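Architecture and fold: a report
Listed below are the residues making up each chain.
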Number of protein chains: 4
Amino acid sequence: MSSQKTMVGKVNADVLSFTVGKDAVLDRELVDADCIGTAAHVTMLQRLSVKPSLFSIKERDDVIAELVEIMRRGRKGQFKILASDQDVHLAVERTLTKKLGDVGKRIHTARSRNDQVAVDLRLYAKEELLGLLLDSVELSSVLLSFAKKHKMWPMVGRTHLQPAMPSTVGLWASAHAESLLDDISCLESAYQLNDRCPLGSAAGYGVPLAIDRELTSKLLNFAEPIHNVLYASNARGKCESVIVASLSQVMLSLSRLSEDMILYSMPEFAYFKLPAELCTGSSIMPQKKNPDVLELVRAKVARVLADSTAITGILKGLPGGYNRDLQEIKEPFMESMQTTRASVKIMIDMVKSLKADKKALHAAFTPEVFAADRALELVAEGASFRDSYNQVRDDLESLQVDDLGAAMLKRTHLGAGAGLDIDFLMKRSKEVGVKVKRTRVRYYAAISKLLGTKYSDLSI
Amino acid sequence: MSSQKTMVGKVNADVLSFTVGKDAVLDRELVDADCIGTAAHVTMLQRLSVKPSLFSIKERDDVIAELVEIMRRGRKGQFKILASDQDVHLAVERTLTKKLGDVGKRIHTARSRNDQVAVDLRLYAKEELLGLLLDSVELSSVLLSFAKKHKMWPMVGRTHLQPAMPSTVGLWASAHAESLLDDISCLESAYQLNDRCPLGSAAGYGVPLAIDRELTSKLLNFAEPIHNVLYASNARGKCESVIVASLSQVMLSLSRLSEDMILYSMPEFAYFKLPAELCTGSSIMPQKKNPDVLELVRAKVARVLADSTAITGILKGLPGGYNRDLQEIKEPFMESMQTTRASVKIMIDMVKSLKADKKALHAAFTPEVFAADRALELVAEGASFRDSYNQVRDDLESLQVDDLGAAMLKRTHLGAGAGLDIDFLMKRSKEVGVKVKRTRVRYYAAISKLLGTKYSDLSI
Amino acid sequence: MSSQKTMVGKVNADVLSFTVGKDAVLDRELVDADCIGTAAHVTMLQRLSVKPSLFSIKERDDVIAELVEIMRRGRKGQFKILASDQDVHLAVERTLTKKLGDVGKRIHTARSRNDQVAVDLRLYAKEELLGLLLDSVELSSVLLSFAKKHKMWPMVGRTHLQPAMPSTVGLWASAHAESLLDDISCLESAYQLNDRCPLGSAAGYGVPLAIDRELTSKLLNFAEPIHNVLYASNARGKCESVIVASLSQVMLSLSRLSEDMILYSMPEFAYFKLPAELCTGSSIMPQKKNPDVLELVRAKVARVLADSTAITGILKGLPGGYNRDLQEIKEPFMESMQTTRASVKIMIDMVKSLKADKKALHAAFTPEVFAADRALELVAEGASFRDSYNQVRDDLESLQVDDLGAAMLKRTHLGAGAGLDIDFLMKRSKEVGVKVKRTRVRYYAAISKLLGTKYSDLSI
Amino acid sequence: MSSQKTMVGKVNADVLSFTVGKDAVLDRELVDADCIGTAAHVTMLQRLSVKPSLFSIKERDDVIAELVEIMRRGRKGQFKILASDQDVHLAVERTLTKKLGDVGKRIHTARSRNDQVAVDLRLYAKEELLGLLLDSVELSSVLLSFAKKHKMWPMVGRTHLQPAMPSTVGLWASAHAESLLDDISCLESAYQLNDRCPLGSAAGYGVPLAIDRELTSKLLNFAEPIHNVLYASNARGKCESVIVASLSQVMLSLSRLSEDMILYSMPEFAYFKLPAELCTGSSIMPQKKNPDVLELVRAKVARVLADSTAITGILKGLPGGYNRDLQEIKEPFMESMQTTRASVKIMIDMVKSLKADKKALHAAFTPEVFAADRALELVAEGASFRDSYNQVRDDLESLQVDDLGAAMLKRTHLGAGAGLDIDFLMKRSKEVGVKVKRTRVRYYAAISKLLGTKYSDLSI
């Protein structure tokens, strides 16, 4: 067994390969976050009043300039993470040391890699959650537009997939939108939990040096530092699992939406139609226009749920203090984030292109759909509900299809077909959008200040 | 195959038994919630200005008096749910009809069982989450007291379970407490999502009757009604899965705490000791005092995580509108709630009884624990961190055990051993406790008003 | 905190209640297994040539007579497991000691409760797996009969739920049957893994007494003893998780079958119809006949999958040697077994009652369904497949519905509509049934011999 | 939204990217399998007696020569799968068509991509399972060698992690080996389920052409074809989930082994020691030698369990017939296979390098460890076990450490410390190894014959 030299000691080559795993690939997504975190750390070290001082202002500026350069190269795919680096953290340290010599060797003063990956993942999550929030707001908005356009179009309401009661396309589409609005509040809660700075935990036990954790937290625009440094380390995985639980909610909303769209675009219903270019064909059947996107979204729900299971499964039974197990959380965490974002984005396209077919929607109404309405008419004539119910059940043949327009208009109470306030939901959706955008502006401003250059320019 | 008569039609006996499942047992826990929900529904129906009126004030009062009577019997285990009832909803309707005749047959006007179970589970969750929040606050408080008492007791900090750096019992215990404080914020978010009233959805499509959904929401002290009635139905399962995700976080915190306590009470460490009466024996080994409670808590973490998987697994792939699949969510939901509550409660006992052993804690310090401190001393003398690190690594033999008191005092920054502000965490914990208690007072007041009797008396 | 006396020491009352959990209830299902295991253990101890002998033949017979009596009472629900017993094992020991005095105190010689629960669960699994195998064979047979009866009834074959190619009801039903045949082979593998005797492990490290583990294994009709006694202990959970994984396969087959039946019994398809008494009604909609059973089966799939997750989640991260965590495996293990058995049984009823509607099946054929057939006709005329495919795709309008009978008869190759050998599958199904019944006869004979009474009589 | 041309129609670019997903990457691992499957399909088509014949012998040979060339390029990483190909199947068809013109366009006659991916994954699984079986046999063998070398070295046996009874290193290590032997039997069962040929299902409904499914099955060395062609399609996912369930068992065995090695290599135990080059360091603590590999293996257990959850979650609720959801199974299936293989391989290295420390093992014995032995001595003197147990419990202070050698020798029964038959387990392990190797030889011979070139040479 051959050994390989790393910055932190010699390691057997197989062990190195096994332990590095996919970090060299996954960490490419963390170059920005790692540089930003390091910029905050070095800025803080520079301001510490210790003798000899750890960094001069000039040295700090040099480091930050170099970090910005690394970020630029990272975005172009030109920043390399070597196997012997093990991860982005040591790759950045190596690069700084190569460029700046001794100054580079000092950046790891009073921190550990656990510290770094913890802050990197929180910065990554910030960025991604803000993006996902905006996408989810857009999807809810697109659904609400669809609902508004088809507000009173009749659609058979089903329970147990069997025809149940008169309903509308407006009710159907805005139900999916309101589900997303609840998911958005879950994403916001997760965002808040994530919005605390772990930096300064070092290996989980702090350092014998009077570092300023409140400063780094502020420089990075976190709401506040995590207090206890051991908890800052133990929180690895907790934060990720709360976030992925919120992603699961988004995906479950997409699951129901996809399933409905798959079912109701079958030719036997034909309520909805997707344009051919959003469907895919078959290698053997020339006629096929399949809703592959919707099926893949449905399957990806199970994937994200499993990512959540992976993360909590890793945490279960772990003792306190850093354990390498936590590294394995990175992939399901980042994967589920990317999957959820891609799924929401593609569903925006799908819903935008969705066409409803009024004729098919009307044709689906059969007399049975009006049974409960008939029972309530008997109630209005003075009978008890249960007696009316029994009376209708015993004479289902006498039911007939009501005037659809009139039937729709009967449901006037809050949130029913004719009592639906789509503007109210639209307003909620917009308010969240505005709030999220403001948060992002503040965040980008803080990072731009820290780096001395406009962060959003970098990010394009 | 024999058939059996139910309130809603004849059903094959095997099918009835299969479909009722454990509802007859589980629903015993929902008697209160079902009666409260019905009280609100009937109160609303009574206030509707329809002709003929659905309920007179007298009839409404009779119904509510009878509901209170059912609740009293339920608490004494005297309210029976028969298989032919299928569930608590029809058992209550049957009882009311038996007692009040025609009036009982009218209570189901403009609602469905889906409606009822949706509101029942939200009321159940309210009560349980408030209780769990208070228990979790207590556990965090007990941990913080333990932390305060042993604040500067030295304890070897570990990473990868290997000795890493000097740390303290205070840091260890308050890290667990801060983890719970994060969990508590997850529970609060889940509480808020739950705090919306689904009533008035009927079978998911509303009713052709101008019911007042805002009134029932208010009577039941919900923050607001869910808007879209189809979403009110589709939200079944979503709400439960968000709640169980928050329970999972609590359980994961207990997982780490249990694992730490199991490890550090092994005789090879002996940092902590549990009194014999909190341990259990062996049927074959007379000497055994086993930490069974901690092991069971650790295992129950996996159970609650699996309950979460069950719920999301049921939801995955479901189309919109009520599907009977949702019934299967009830058991993992209620089970995980009860498991989490029992686990938190027993951990309060465990932590309260925990003894720390100063001698054993001191004995665990070996020279290696001071390696990083030594490297930072070299930094203080002007060397770069990476060079200092390499120097110490090449001469580990020269390390020695520092004065423990002094070593502890060196970590003064925010959240480190000597920079730990336990009072700050204690204050947070107390504030949540006060807030939760206030919420509960308001909730009980509203229900008492609705029922015309003091609800908390009933509940004892 | 009050304490309570148990057979193995005083325990705090809350701790006792927490640690006993549901054992007092679950263990009611294990009374038979526990008595049988004890009968084998005592028979073995009696035959040991140690001085003084541990049991005389008379004492052994007395113990067994008393065990048979406990089994009889157990079946009538008259054998009580008290909280202070903690579990069935100590309840049996208590009862024997009460009846037989000192002899009862000797039965625990050279074994531990871990030992007992390990063997109990394997005996429980044997009995249940044999029953489930026979039920699964019956379900496959019922499906094959349905397939045979409707062998060449045309049914649109779908991919992506969209109409794809001509197919038959025979293909549809026998596909579900063949899936079950694969599941049956999974159940058989699990049965074989389970068929090894853990007894004699004691607490996992054997005993300083020359017990005869091969004898107990033989008395209990196991294929062989597990060799290493520590592995006999560590195998707890592994065996259960392999079994539950095989149950999951059965449930996944039922998932697909249920989903198909739900979809194709919607009025828009109406291929299949279930009799009213196998459906259930709605509390608000008088017309409803809902396929609740199928929906519940679909949901129970997720439950059994989660039980599997619970078990493997408990095992993950556990060290070797007995840990109390293993107790928590019992409930998901027994639950998933009961759920799977109930689901298979009810599906037998469902399939037996299923009616196919030839008219509806025919009506579903549209010209597009014949697109691939048309392309292959062009191939037969000499064109390449890809060119034929493109030609058909460019002229979909010219397609027409072929003669259905002729179309069905074109698929003559192995396993296609007209090449389906249902008798071949039926034969496989029957062979397994015969094999399983033989295994059960041998098992019952061995137990009857051990107990000196006919075991199958007891079991009715 | 721009569109992109594919072999099977125009698709929107975003949709194409979303639906292709990671296939272009994952399918690189399937180039061999796809070419082999195509070789069998074309060979079968060539032998069909249809007029005009589909392939001449020459054309068939040309296709196969080209397939072998693709395989060679694939192994060198030179075979490109383009996004517009969507997957390996169309990439191969495109390449063949480019090279061979019209002949390439004919290879897709009478099959679909679903068909291909189904057979590809089964061929992939064959190869990987055979490799994993051999690796697992080696790990069991390495553990047994370790057990043999340290057979009677005393080691405290623990339950609940607390010292329990005298035990040996031989018992500890061979328990882990026997666990693997059970896993190996699970892998073998999964192999058998996998060993059936799905080819000829086309889109799940066969083709109107008399293809010879038994021939392709035989050419590919499968045990037999899956019978029903719809089941051949529905079995996608089932086969994978059975395989991953067997991988989970292997991983759970590694979980326990890793956890034990992590615990007992802590300095407080020091029973075992790993060489420094198999450990990894810390970026901040110069002294650290962490068992990262073992922690990562422990975490990867949770990953593989989650992969299993992903697959079964995708299947849950799916209707019959191909659905695109199945594509999402590929990644967790292939990932869990690779993870399990890598984990077993690295554990072989770990166990091979493991050193036991006799002094530390001896030092761990405390008087309490002998409590059960003392009770059984009293039994030997004529007391009942329960009375002996109580007597020892009341006088634990009088216990003392026995002569360790003698204590070890007292456990002579089957499978206990001194009754352990390591050669018996070793023999089992070897027998499986021989059997697996033979299977592989037969498989490679068949493929070599089909391709007309030595397959194992290709594979190096």
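Counting restarts for each chain, with residues numbered from 1 along the sequence as it is written. Here every chain gets a letter starting at A, and every ligand a number starting at 1, in the order they are written. In keeping with the predicted nature of the model, local features appear solely for residues at pLDDT of at least 70, side-chain atom pairs appear and are counted solely at 80 or more, and the whole-chain, interface and lining totals rest on all residues. With hydrogens and water excluded, all non-hydrogen atoms of the structure serve as input to the side-chain values.

Glancing now at the packing of aromatic side chains. Each Phe, Tyr or Trp ring (for Trp, its six-membered ring) is paired with any other whose centre lies within 6.5 Å, and the angle between the two planes then decides the class: stacked below 30 degrees, edge-to-face above 60, tilted in between. By the definition in use, this model includes 50 aromatic pairs over all chains. Geometrically, the ring pair formed by Phe365 of chain B and Phe370 of chain B is tilted, given 6.1 Å between the ring centres and 35° between the ring planes. Accessibility expressed as a relative area gives 6% for Phe365 of chain B, which makes it buried. Ring geometry for Tyr264 of chain C versus Tyr271 of chain C: centroids 5.2 Å apart, planes at 20°, classification stacked. In this structure, Tyr264 of chain C and Tyr271 of chain C share a single accessibility class: buried. Feature note: the residues Phe146, Trp172, Tyr264, Phe269, Tyr271 and Phe272 of chain A together with Phe146, Trp172, Tyr264, Phe269, Tyr271 and Phe272 of chain C constitute an aromatic cluster, connected by ring pairs. Counted as over-ring charges are cases with an Arg CZ or a Lys NZ within 6 Å of the ring centre that also lie within 35 degrees of the ring normal. Cation over ring: Arg106 of chain A sits above Phe55 of chain A, and NZ or CZ is 5.5 Å from the ring centre. Between Lys126 of chain C and the ring centre of Phe222 of chain C, over which it is positioned, the NZ or CZ distance is 4.7 Å. Accessible area is worked out with a 1.4 Å probe on protein chains only. A residue is then buried under 20% of its type maximum, exposed over 50%, and partly exposed in between.

Moving on, we come to the pattern of salt bridges. When a carboxyl oxygen of Asp or Glu lies within 4 Å of a side-chain nitrogen of Lys or Arg, that pair is called a salt bridge. Using the criterion set out here, one finds 156 salt bridges over all chains in the structure. The shortest N-O distance in the salt bridge between Glu93 of chain B and Arg386 of chain A comes to 2.8 Å. One end of the pair, Glu93 of chain B, is in helix α5 (residues 88–100); the other, Arg386 of chain A, is in helix α16 (residues 385–393), on a second chain. With respect to burial, Glu93 of chain B and Arg386 of chain A carry one shared label: buried. The way it works is that DSSP assigns letters per residue, a run of H or I at least four long becomes a helix, a run of E at least two long becomes a strand, and they are numbered from the N terminus.

Residues below a pLDDT of 70 in either copy are left out; the C-alpha atoms of the rest, at least 70 in both, set the least-squares superposition of the copies. When chain C is fitted to chain D, the best match, at an RMSD of 0.0 Å, comes from turning it 180° and sliding it 0.0 Å along the axis. Considering both components of the superposition, the chain copies are consistent with a two-fold axis. When the interface residues of chain C are mapped onto chain D, 100% of them are again interface residues, pointing to one common binding face. Pairs of residues are marked as contacts when any of their non-hydrogen atoms sit within 4.5 Å.

Before going further, it helps to spend a moment on the interface of chain C and chain D. Facing 109 residues of chain C, the contacting portion of chain D comprises 109 residues. In short, buried area is how much 1.4 Å probe accessible area vanishes from two parts on joining, totalled over both. Of the roughly 8800 Å² buried between chain C and chain D, counting both surfaces, carbon and sulfur atoms make up 59%. The largest per-residue losses of area from chain C upon contact with chain D belong to Tyr205, His227 and Arg256 of chain C, which jointly make up 9% of the total buried on that side. Here chain C is connected to chain D by 12 salt bridges. Asp387 of chain C is paired through a salt bridge with Lys105 of chain D; the nearest N and O atoms lie 3.3 Å apart. A 3.5 Å cut-off defines polar contacts: any pair of N or O atoms within that distance qualifies, except that in protein one atom must be a possible hydrogen donor and the other a possible acceptor, and neighbouring residues in sequence count only when both atoms are side-chain atoms. Inspection of the chain C/chain D interface yields 51 residue pairs in polar contact (both at pLDDT 80 or more). Its residues placed into classes, the side of chain C that touches chain D shows 47 nonpolar, 33 polar and 29 charged. Under the convention adopted here, Pro, Cys and the residues Ala, Val, Leu, Ile, Met, Phe, Trp and Tyr are nonpolar, Asp, Glu, Lys and Arg are charged, and Gly plus all remaining residues are polar.

Attention now moves to a negative patch on the surface. Residues and elements named next belong to chain A. Taken together, the side chains of Glu368, Asp394, Asp395 and Glu397 make up a negatively charged region of the molecular surface. Take Glu397: it is sitting in the loop between α16 and α17 (404–409). Of the residues examined, Glu397 reaches a relative accessible area of 69% and is grouped as exposed. Surface patches are defined over residues having more than 30% relative accessible area and no salt bridge, joining like charges when they lie within 9 Å and nonpolar side chains (Val, Leu, Ile, Met, Phe, Trp, Tyr) when within 5 Å. Calculation of accessible area relied on Shrake-Rupley with a 1.4 Å probe; when residues are assessed, cover is drawn exclusively from the protein chains displayed. Note on charges: Lys and Arg go in the positive column, Asp and Glu in the negative column, and His and the chain ends are not counted at all. Lysine's charge is taken at NZ, arginine's at CZ, aspartate's at CG and glutamate's at CD.

Right, let's get into the interface of chain A and chain C. Taken together, the contact pairs 44 residues of chain A with 43 residues of chain C. Between chain A and chain C the total buried area reaches about 3700 Å² when both faces are included, carbon and sulfur atoms providing 61% of it. Among the residues chain A hides against chain C, the three largest losses belong to His160, Pro286 and Gln287 of chain A. Together they make up 19% of the total. Summed over the shared surface of chain A and chain C, the result is 2 salt bridges. Here Arg158 of chain C makes a salt bridge to Glu268 of chain A, at a shortest N to O gap of 2.7 Å. Where chain A touches chain C, the interface holds 19 residue pairs in polar contact (both at pLDDT 80 or more).

Among the structural elements, Leu376 of chain D can be located in helix α15 (residues 371–380). Overall, Leu376 of chain D belongs to the buried group, its relative accessible area being 8%. Separated by 16 residues in sequence, Leu376 of chain D and Val392 of chain D have C-alpha atoms that sit 10.0 Å apart. If we ignore the near neighbours within four places in the chain, the residues touching Leu376 of chain D are Thr109, Ala110, Val207 and Pro208 of chain C together with Phe385 of chain D.

Residue and element names in this part refer to chain B. Taking burial as the measure, the 6 residues of strand β3 (residues 154–159) include 6 buried ones, the bulk of the element. For two strands to pair, DSSP has to find at least two bridges joining them. Pairing geometry for β3 and strand β4 (residues 162–168), over 6 bridges, is antiparallel. For Thr159, the partnering residue across the bridge sits in β4 and is Gln162.

So, about the relation of the copies chain A and chain C. Mapping chain A onto chain C leaves a residual RMSD of 0.0 Å; the transformation is a rotation of 180° accompanied by 0.0 Å of translation along its axis. Taken together, the interface assignments show that 98% of the residues at the interface of chain A recur at the interface of chain C, consistent with an identical surface on both copies.

Right, let's talk about helix α5 (residues 88–100) of chain C for a bit. To estimate the expected span of a helix, count its residues, drop one, and scale the result by 1.5 Å. Over its 13 residues, α5 of chain C extends 18 Å from the first C-alpha to the last, a length consistent with the 18 Å expected when each residue adds 1.5 Å. Inspection of α5 of chain C places Val88, His89, Leu90, Ala91, Val92, Glu93, Thr95, Leu96 and Thr97 of chain C among the buried residues, and these make up the whole buried set. Among the structural elements, α3 (31–47), α4 (57–75), α6 (102–106) and α7 (113–149) of chain C together with α16 (385–393) of chain D are those in contact with the buried residues of α5 of chain C. The opening residue of α5 of chain C, the one whose side-chain oxygen lies 3.2 Å from the backbone nitrogen of His89 of chain C, is Asp87 of chain C. In the segment just after α5 of chain C, Gly101 of chain C is the residue with positive phi, at about 65°.

Attention shifts here to the environment of Lys238 of chain C. Turning to its location among the elements, Lys238 of chain C is positioned in helix α11 (residues 238–264). Residue classification places Lys238 of chain C among the buried residues on the basis of a relative accessible area of 6%. Along the chain, Lys238 of chain C and Asn194 of chain C lie 44 residues apart, while their C-alpha atoms are 9.6 Å from each other. Beyond its immediate sequence surroundings of up to four residues, Lys238 of chain C is in contact with Tyr231 and Leu315 of chain C together with Ser179, Asp182, Asp183, Gln249 and Ser253 of chain D. There is a polar contact of 3.3 Å between the side chain of Lys238 of chain C and the side chain of Ser253 of chain D.

Looking now at the side chain of Gln162 of chain C. Mapping Gln162 of chain C onto the fold places it in strand β4 (residues 162–168). Apart from the residues lying within four places of it in its own chain, the contact partners of Gln162 of chain C are Ser265, Met266, Pro267, Lys288, Lys289, Asn290 and Pro291 of chain A together with Gly157 of chain C.

All names here are of chain A. Boundaries between domains were set according to an automatic or database domain assignment. Assigned domains of chain A: these are domain 1 (3–109), domain 2 (114–248 + 302–347 + 424–447) and domain 3 (367–419). When each unit is reduced to the centre of its C-alpha atoms, the spacing between domain 2 and domain 3 is 43 Å. Counting from both sides, the interface comprises 11 residues of domain 2 and, opposite them, 13 residues of domain 3. For the domain 2 and domain 3 pair, buried surface summed over both sides reaches about 930 Å², with 77% attributable to carbon and sulfur atoms. The interface formed by domain 2 and domain 3 holds 0 salt bridges in total. Taken together, domain 2 and domain 3 are joined by 0 residue pairs in polar contact (both at pLDDT 80 or more). In terms of residues, the side of domain 2 that touches domain 3 owes the most to one element, strand β4 (residues 162–168), which gives 6 residues. When the residues that make up the side of domain 2 that touches domain 3 are grouped by side-chain class, the tally is 8 nonpolar, 2 polar and 1 charged.

Another point: the packing of helix α12 (residues 292–315) of chain B against helix α12 (residues 292–315) of chain C. Axis angles are defined between N-to-C directions and span 0 to 180 degrees, where every axis is a line fitted to C-alpha atoms and, for a helix, only to the segment in contact. One way to put it is that α12 of chain B packs onto α12 of chain C with a least axis distance of 8 Å and a crossing angle of 155°. Between α12 of chain B and α12 of chain C, the interaxial angle falls into the category roughly antiparallel. In the packing of α12 of chain B onto α12 of chain C, the handedness of the crossing is right-handed. Judged by residue contacts, Ala299, Ala302, Arg303, Ala306, Thr309, Ala310, Gly313 and Ile314 of chain B of α12 of chain B engage Ala299, Ala302, Arg303, Ala306, Thr309, Ala310, Gly313 and Ile314 of chain C from α12 of chain C. Looking at the contact of α12 of chain B with α12 of chain C residue by residue, the classes come out as 10 nonpolar, 4 polar and 2 charged. Roughly parallel means an angle under 35 degrees; roughly antiparallel, over 145; roughly perpendicular, 65 to 115; everything else is oblique. Here a crossing is called left-handed whenever its near helix is offset anticlockwise from the far helix by less than a right angle, and right-handed whenever the offset is clockwise.

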